[in-house]
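Secondary and tertiary structure notes
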Amino acid sequence: MFRIEAIDVRALSVRLVDPFVIASGRVEATRSALVRVRLATGEVGIGEGAALPPVTREDQDDVIADVERAARIVVGVEVLRVEEIAEAIASGVGPVARAAIETALLDAIARREGVSVRELLGDARGAATRTMITDITIPILDAARMAELARAWRARGFSCFKVKVGKDLDADLRALEAVRDAAPGATFRIDANAGFSAADAIAMARATERLGLDVECWEQPCAAADLDGMAEVAAAVRAPVVADESVATMEDLARVRAARAAGGINLKLVKSGGPIAAYALGCAAQAAGLKLMCGGMVETRLGMTAAAHVAAALGGVDFVDLDTAWLLADDPFDGGYAADGPRYALADAPGLDVRER
């Protein structure tokens, strides 16, 4: 049994080095909320809730208001399970705020229990999994800048590039060719953020074959509700289609499977309302034989560490996309993981082991 003594929230806005431009939007700084939960026994945990409109319904101010609303409901209440907190605020609080609160709560509880969050979620499998290799994202910019970024990241040891596309097919192909030339031997994960029709996505796939690109997966080529289009792409391309915007819940997963719309899904804490739901969704996808990606919105080291603990609790995932802290001009946190180029090693300390500077 535990009792939450206090929940505090503030804006967490960190400038990006380059604008983060995707098919559906653009941000120049993180639009997150930093949540701090204190238990009655004294332990403090922290969590990040990252908004990325229009991918998330909520923006930063909405998340902060939601956290304050949730605090009025759950502070002082004694519960046996973390899930009881999620259930208590589910009807009036959006998934981004729920994810931030739950992350902070799990961090505090894991600190109290003396275990990492990945072990708290995944038991022995989580405890045994502590390293992973991430891709690096290249946002939609002019082709020369995208090539410059790829060259710089390649020099730092990154060999897998998640390239954002979906605004202009011809411009996208020029950018992909430029990135290929700047980073010979790289592999690609191509993410349209729901920006293409099925026909355009298939046309891009055929063009990348002619360019000789080594594509590992195609992420969310069509609109979230266009499962027929997603299925058409999945049947036509060689690499698996990974559903992102199309899958946030178990019901979404069932619909995507029934439509044969994807060969994998992207787990994100803020889509599903927290680490527990994201972990459960990952377990269900694994049981169904689907590939897993684990990613985020645009988060700091804190949000990336929390997502990495979910990936580790699952025993690792097929596609690690936990890179956005690298894209920021500043890092307001210490700890969480040690990085050697794209290789992350999670700390063995209790909780998330992330500290504010």
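Check the entry above for the structure.
A brief look at the structure comes next. (Residues numbered from 1 in each chain as written. Predicted model: local features only at pLDDT ≥ 70, side-chain atom pairs only at ≥ 80, totals over all residues. Heavy atoms only, no water.)

Moving on, we get to the overall build of the protein. Helix and strand counts for the protein stand at 12 helices and 19 strands. By the compact-globule yardstick of 21 Å for 357 residues, the protein fits well, its C-alpha radius of gyration being 19 Å. For the protein, with 357 residues in total, the buried portion stands at 57%. Partitioning the intrachain contacts of the protein with sequence separation of at least 6 by distance along the chain shows that 72% fall at a separation of at least 24. For the protein, the centre of its 40 positive side-chain charges and the centre of its 53 negative side-chain charges are spaced 2 Å apart. (Helix = DSSP H or I, 4+ residues; strand = E, 2+ residues; numbered from the N terminus. Rg over C-alpha atoms; globule rule 2.2 N^0.38 Å. Buried < 20%, exposed > 50% of the residue type's maximum accessible area, 1.4 Å probe, protein only. Contact = heavy atoms within 4.5 Å. Lys, Arg positive; Asp, Glu negative; His and termini not counted. Charge placed at Lys NZ, Arg CZ, Asp CG, Glu CD.)

Next up on the list: the side chain of Asp-331. Mapped onto the elements, Asp-331 comes out in the loop between β15 (319–320) and β16 (333–335). Overall, the relative accessible area of 19% leaves Asp-331 in the buried class. Only 3.0 Å separates the side chain of Asp-331 from the backbone nitrogen of Phe-333, close enough to count as a polar contact. Sequence-distant contacts of Asp-331, defined by excluding residues within four places in its chain, comprise Arg-301 and Arg-357. (Polar contact = N/O pair within 3.5 Å; in protein donor to acceptor, adjacent residues only side chain to side chain.)

In contact at an axis separation of 10 Å, helix α1 (residues 60–74) and helix α2 (residues 82–89) are set at 115 degrees when each is read in the N-to-C sense. As for the relative orientation of α1 and α2, their crossing is right-handed in sense. Counted together, Ala-70, Ile-73 and Val-74 of α1 and Ile-85, Ala-88 and Ile-89 of α2 form the full contact between these two elements. In terms of residue class, the contact of α1 with α2 is made up of 6 nonpolar, no polar and no charged. (Axes fitted to C-alpha atoms, helices over the stretch in contact; angles between N-to-C directions. Left-handed = near helix turned anticlockwise from the far one by under 90°. Nonpolar A, V, L, I, M, F, W, Y, C, P; charged D, E, K, R; others polar.)

Left-over empty space is what a probe sized like a water molecule reveals as it rolls over the atoms. Counted as a void, the largest pocket has a volume near 200 Å³. Val-55, Thr-56, Arg-57, Glu-58, Pro-95, Val-96, Asp-244, Glu-245, Ala-248, Val-270, Lys-271 and Met-297 are the residues that line the largest pocket. Those elements that provide at least two residues to the lining of the largest pocket are α3 (95–113) and α10 (269–272). The residue makeup of the lining of the largest pocket, split by class, is 6 nonpolar, 1 polar and 5 charged. Its volume calculated, the second largest pocket comes out at about 150 Å³. Lining the second largest pocket, in full, are Glu-83, Ala-86, Glu-87, Ala-90, Arg-98, Glu-102, Ser-272, Gly-273, Gly-274, Ile-276 and Ala-277. Contributing elements (two or more residues each) for the lining of the second largest pocket: α2, α3 and α11 (275–287). Of the residues forming the lining of the second largest pocket, the biggest block, 3 residues, is contributed by α2. Its residues assigned to classes, the lining of the second largest pocket comprises 4 nonpolar, 3 polar and 4 charged. (1 Å grid on protein atoms, 1.4 Å probe; cavity = no way out; pocket = protein on both sides within 12 Å on 5 of 7 lines; lining within 4 Å. Points joined across faces, edges and corners; volume = space filled by probe spheres on them.)

Moving on to the side chain of Gln-220. Take Gln-220: it is sitting in the loop between β11 (214–219) and α8 (227–236). Given a relative accessible area of 0%, Gln-220 falls into the buried group. From its side chain, Gln-220 meets the backbone nitrogen of Glu-245 in a polar contact 3.1 Å long. When near neighbours in sequence (up to four residues on either side) are disregarded, Gln-220 contacts Asp-191, Ala-192, Asn-193, Ala-194, Met-230, Val-242, Ala-243, Asp-244, Glu-245 and Ser-246.

Right, let's get into the sheet that holds strand β4 (residues 31–39). The strand order across the open sheet formed by 4 strands is β5-β4-β1-β6, and the pairing between neighbours is antiparallel. Of all strands in the sheet, those with a lone pairing partner are β5 (44–51) and β6 (78–79), marking the two edges. Pairing geometry for strand β1 (residues 2–12) and β4, over 8 bridges, is antiparallel. Residue pairing across strands places Arg-10 opposite Leu-34, the latter belonging to β4. The strands that α1 touches are β1, β4 and β5; relative to β1, the one it contacts most, it runs at about 165 degrees. (Pairing = 2+ DSSP bridges.)

What follows is about the environment of Leu-227. With respect to the element layout, Leu-227 can be found in helix α8. Each residue touching Leu-227, except ones within four places of it in the same chain, is listed here: Ser-246, Arg-255, Val-256, Ala-259 and Ala-261.

For the structure on display, the rule yields 4 aromatic pairs. Measuring from centroid to centroid gives 6.3 Å for Trp-153 and Trp-326, while their planes differ by 75 degrees, and the two rings are edge-to-face. Separated by 173 residues along the polypeptide, Trp-153 in helix α5 (residues 143–155) and Trp-326 in the loop between β15 and β16 bring together distant segments of the chain. Note on Trp-153: relative accessible area 8%, which makes it buried. For Trp-326, a relative accessible area of 22% translates into the label partly exposed. With 5.9 Å between their ring centres and 80 degrees between their planes, Phe-158 and Trp-326 make a pair best called edge-to-face. In this pair, Phe-158 sits in the loop between α5 and β9 (160–164) while Trp-326 sits in the loop between β15 and β16, placing the two residues 168 residues apart along the sequence. Residue Phe-158 is classed as buried on the basis of its relative accessible area, which comes to 0%. We note Arg-301 situated over the ring of Tyr-337; from NZ or CZ to the ring centre the distance is 4.6 Å. (Phe/Tyr/Trp six-rings, centres within 6.5 Å; stacked < 30°, edge-to-face > 60°. Lys NZ or Arg CZ within 6 Å of the ring centre and 35° of its normal.)

Turning our eyes to something else, we now look at the sheet that holds strand β18 (residues 343–346). The strand order across the open sheet built from 3 strands is β7-β18-β17, with neighbouring strands paired in antiparallel fashion. In the strand order of this sheet, the two ends are held by β7 (131–133) and β17 (337–340), each with one partner. Within the sheet, the average angular offset between the axes of one strand and its neighbour, ignoring direction, is 20 degrees. Where β17 meets β18, 4 bridges bridge the pair, whose relative direction is antiparallel. When the bridges of β18 are listed, Asp-340 appears paired with Arg-343.

Keep in mind these numbers describe shape, not what the thing actually does.
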